[in-house]
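# Commentary on secondary and tertiary structure
Read off the chains here:
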Amino acid sequence: MREMLTGNGAAAWGARLAEVEYLPAFPITPQTEIIETIAKWIDFGECNCRIVMLDSEHSMITAAGAAATTGVRTFTATSSQGLLYGMEMLYTVAGWRAPFVLVNVSRGLASPITLEPDHNDILAARDCGFLQLHCATCQEVLDSVLLAFRVAEDPRVRLPVIVNLDGFYLSFTREPVKVPSVQEVAGFLPPFDPQNQGFRAGTPFSQAVAVLGGTAYSYFRYQSHLAARNAEAVFTESAVLFNETFGRSYQAVETYCCDDAEVVFVMMGSFATKAKAAVDQLRAAGQAVGLLRPLLLRPFPAEAVRRALVGKRGVAIVDQNLSPGYGGILHSEFAANLYGCRDVNPVLVSFIGGLGGRDIGPEEFFEMVNITRAAVASGCIPPPRLLYTESELRDMRKWQSIALEHRSGGELQ
Amino acid sequence: MSETRFKTVRNLPPDHLLGTGTAMCAGCGGLEALHQIYDILGEKTVFINAAGCMTLLAVYPFTPFRGSWLYTAMASAPAGAQGVRDALDILLERGRMTAAEDLQTVVLTGDGAAYGMGLSATSGAIERGLDFLYICYDNEGYGNTGQQTSGATPHGAGTATNKGALGYPGDKKDLFAIWAAHRPAYVATVIGAEPLDLARKVEQAMQLTGPRLILALAPCPTGWGFDPDATVQLGKLAVETGVWPLKESRGGKTMHTKVPKKRLPVEDYLKCQGRFAHLFVPERKDSVLLEIQAKIDAYWGAVECHGAVDP
């Protein structure tokens, strides 16, 4: 069945097709449509799931982890401030090895408070122990939810997964989405088998007990890391099965026109589709450029990234996030991954763009290629470039003058 | 109270279920209460714990519990209970678990979580009618970190963050009333020094479904400044001076289960605790002592007039 679905609708369909049994929920823009959609299905008997409204995202993530640990398939969703409000529990439930799926609809973080997307929310959760899938299209959202459950519940992994989509650009944008049948999904995603996890009378189970000293602590932390490392192969296996079942192919790292490219863009999420369009335009203008997009960010697909960048001269990393005082977070991940590789040593140039939903225009992609080529030619690597146009600055100056006029009580001219 | 199997102390469980050798301090009034509660609740329980002293009951690879345990975080133990209870219900409904395998969902927190950081999650769990038992061991301060002032600290008490001549200037929050205002299935105060009253209340709570609070005053030798062998004596004084009213609330009606016939002066309770020593030396702070006594008298005056204090 092919339907016009928003990214939020696609996420809800993913949960429905995964036959999730439990949905602890809390509303937040731009995520709310996901829980409302599933709630409606539950109310009208189309979805056999229990929904419960919690008092906060902190409680919601606690309840999700507790239910998954007790042995039911659990799904939840949040955004931005909500993800950060629940941050303590992201780390905690990942340590419980509670396998469930959380959809995050990315939105810029306060301050200033805003509604539109960037990736500082999801990247703040980079080190919490959840695996991360970053979606670029509505189809990918639905498919990633199914993939995420399969990877999360695999006994070699047993970790929660965040599926990320961009607020507004995906959450509220309708695209044609192939919605598989329940029967097809059943062939791909078997019922959740919690194995030795769960609370039962007669088989006492102590979960998440305290440890004293670094020996036990380090052991359990290392276990989580090794499980996350296993997840890359499990993801790849699952993607192969997914392709056989549904005829759609996914890789941990998507590459577009990379093979003969001299300069490659690196981007995540829906804004990568802007880069894809720019690659087509640049190619039409005779420029050998390509795009690399990590779908899987945790575990970090280190080898796949290196392979894709063999022989490239310049890489323009466009971070839709900002680590103030450093620059782009993806840039540091890529730099760390490529450092010291003899056969993979492109010049990495860092760009910051798309914060709070700010558009990135085609002319900016052209300019980024010019800057990257100049850095390759000179060997001189510029500091992170903050994408901003003169017309934006003029708008900003106008607003500032209005704000100042109001503050000083003066009449507007 | 309906028919009880605990008519005299002879009826109390002869066997103790909770293991010994835990990291709790000698003379811990919270552990004293928990022992008694656990003997009645039994091992078909899953304890969902919030950060506090009792987080150190289960330290890998040991646990004193015969049943299950889930440590959450400081603020969200009731939400953990929600997830566990809902999941158990789902497993039961779908035949993936038998009724015999079902568990009582029990939250275990200190006053730091119960009176403060955990209130939002607690209020939410009560309003949703979650079927769970909530045990709070109230040692009237952030005990695990060295007895800083919490929402449960009483007026005038010295704490690690109120070391001045007059102690804590605020008043102890009325958690019983906050719970009772939600109209939950059951709310009761207990103390380990009154085991029969405690046993009857836990028994009562187990016969009900829905949100149920057992709020145990937990005399704390290290935090309150008294000798560990005085825990029971201090607990009895808390009741006999009227500082800690033993009561329960069901269906919006509050009953006192043990009204001291002739209340002892509150000084008898205060003067044996280091946290109140500044009220007696170097000189008596009569104004503070009178103020504390007046509040207790006003409370019991209202009880004598109306039979209860409406939350």
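Residues numbered from 1 in each chain as written. Chains lettered and ligands numbered in written order. Predicted model: local features only at pLDDT ≥ 70, side-chain atom pairs only at ≥ 80, totals over all residues.

### Structural notes on the overall build of chain A
For chain A, the count of helices and strands is 14 helices and 16 strands. The principal-axis extent of the C-alpha atoms belonging to chain A is close to 70 × 60 × 55 Å. By residue count, 51% of the 413 residues in chain A fall in the buried class. A separation threshold of at least 6 residues defines the contact pool for chain A, and within that pool the share at least 24 residues apart is 80%. (Helix = DSSP H or I, 4+ residues; strand = E, 2+ residues; numbered from the N terminus. Buried ≥ 20, exposed ≤ 12 C-beta atoms within 10 Å, placed from the backbone. Contact = placed C-beta atoms within 7 Å.)

### Brief notes about the overall build of chain B
For chain B, the count of helices and strands is 10 helices and 8 strands. Taken over the C-alpha trace, chain B has a radius of gyration of 19 Å; the compact-globule value for 311 residues is 19 Å, and the two agree within 12%. Put simply, chain B has 311 residues, and 50% of those count as buried. Considering only contacts in chain B between residues 6 or more positions apart, those separated by 24 or more positions represent 68%. (Rg over C-alpha atoms; globule rule 2.2 N^0.38 Å.)

### With respect to helix α4 (residues 119–127) of chain B
For α4 of chain B, every residue scored as buried is listed here: Ala121, Thr122, Gly124, Ala125 and Ile126 of chain B. Of the surrounding secondary structure, the elements contacted by the buried residues of α4 of chain B are α3 (57–70) of chain A together with α2 (77–93), α3 (111–117), β4 (132–138), α5 (175–181) and β6 (211–217) of chain B. Looking one or two residues past α4 of chain B, Gly129 of chain B carries a phi angle of roughly 70°, positive in sign.

### As for the sheet that holds strand β7 (residues 246–250) of chain B
One open sheet accounts for 9 strands, arranged β9(A)-β2(B)-β1(B)-β3(B)-β4(B)-β6(B)-β5(B)-β7(B)-β8(B); its pairing is mixed. Each edge of the sheet is formed by a strand with only one pairing partner; in this case those strands are β9 (206–207) of chain A together with β8 (253–258) of chain B. Bridge count for β7 of chain B against β8 of chain B is 5 bridges, and the pairing is antiparallel. Counted as the bridge partner of Arg250 of chain B is Lys253 of chain B from β8 of chain B. Taken strand by strand, helix α6 (residues 195–206) of chain B contacts β4, β5 (186–191), β6, β7 and β8 of chain B, and its axis lies near 160° from that of β5 of chain B. Sheet contacts for helix α8 (residues 231–240) of chain B: β5, β6, β7 and β8 of chain B; angle to β5 of chain B, the most-contacted strand, approximately 125°. (Pairing = 2+ DSSP bridges. Axes fitted to C-alpha atoms, helices over the stretch in contact; angles between N-to-C directions.)

### Some details on the sheet that holds strand β6 (residues 131–134) of chain A
All names here are of chain A. On the basis of which strands lie adjacent, the open sheet formed by 5 strands has the order β4-β5-β7-β6-β13 and mixed pairing. Across the chains shown, the open sheet's two edge strands, defined by having one partner strand only, are β4 (75–78) and β13 (296–298). The average undirected angle you get between the axes of adjacent strands in this sheet is 25°. Bridge count between β4 and strand β5 (residues 101–106): 4 bridges; the pairing is parallel. Its bridge partner being in β5, Phe75 is matched across the sheet by Val101.

### Description of the packing of helix α10 (residues 272–284) of chain A against helix α13 (residues 362–378) of chain A
Residues and elements named next belong to chain A. Remark: α10 packs on α13, axes separated minimally by 9 Å, with the N-to-C direction vectors making an angle of 70°. Considered as vectors, α10 and α13 are oriented roughly perpendicular to each other. The two elements α10 and α13 meet at a crossing, and its hand is right-handed. Facing Ala275, Ala278, Gln281 and Leu282 of α10, the residues of α13 in contact are Pro362, Phe365, Phe366 and Val369. (Parallel < 35°, antiparallel > 145°, perpendicular 65-115°, else oblique. Left-handed = near helix turned anticlockwise from the far one by under 90°.)

### Observations concerning the packing of helix α1 (residues 29–41) of chain B against α6 of chain B
All names here are of chain B. Where α1 contacts α6, the two axes come as close as 10 Å, and the packing angle between them is 45°. Taken as axis vectors, α1 and α6 run oblique relative to one another. Note that α1 runs across α6; the crossing there is right-handed. From α1, Ala33, Gln36, Ile37, Ile40 and Leu41 reach across to α6, where they touch Pro195, Leu198, Ala199, Val202, Glu203 and Met206.

### Topic: the interface of chain B and chain A
In this complex, chain B contributes 38 residues to the contact, which on the side of chain A involves 37 residues. Going through the elements one at a time, β2 (68–71), α2 and α4 of chain B are the ones with two or more residues in the side of chain B that touches chain A. Per-element accounting of the side of chain B that touches chain A gives the leading share, 10 residues, to α2 of chain B. Tallied by class, residues from the side of chain B that touches chain A come to 20 nonpolar, 12 polar and 6 charged. (Nonpolar A, V, L, I, M, F, W, Y, C, P; charged D, E, K, R; others polar.)

### Side note on the domain arrangement of chain A
All names here are of chain A. Looking at chain A, the domain boundaries give domain 1 (2–246) and domain 2 (255–391). A separation of 28 Å is found between the C-alpha centroids of domain 1 and domain 2. Taken together, the contacts link 27 residues of domain 1 with 21 residues of domain 2. When residues of the side of domain 1 that touches domain 2 are assigned to their parent elements, the largest contribution, 5 residues, is made by helix α9 (residues 214–246). Residue classes in the side of domain 1 that touches domain 2 are distributed as 13 nonpolar, 8 polar and 6 charged. (Domains from an automatic or database assignment.)

### Describing the environment of Val263 of chain A
All names here are of chain A. Secondary-structure assignment places Val263 in strand β11 (residues 263–266). Remark: the alpha-carbon pair of Val263 and Asp193, spanning 70 residues in sequence, is separated by 46 Å. Once you skip the residues sitting within four places of it in the chain, Val263 turns out to touch Val289, Arg313, Gly314, Ala316, Val369, Thr372 and Arg373.

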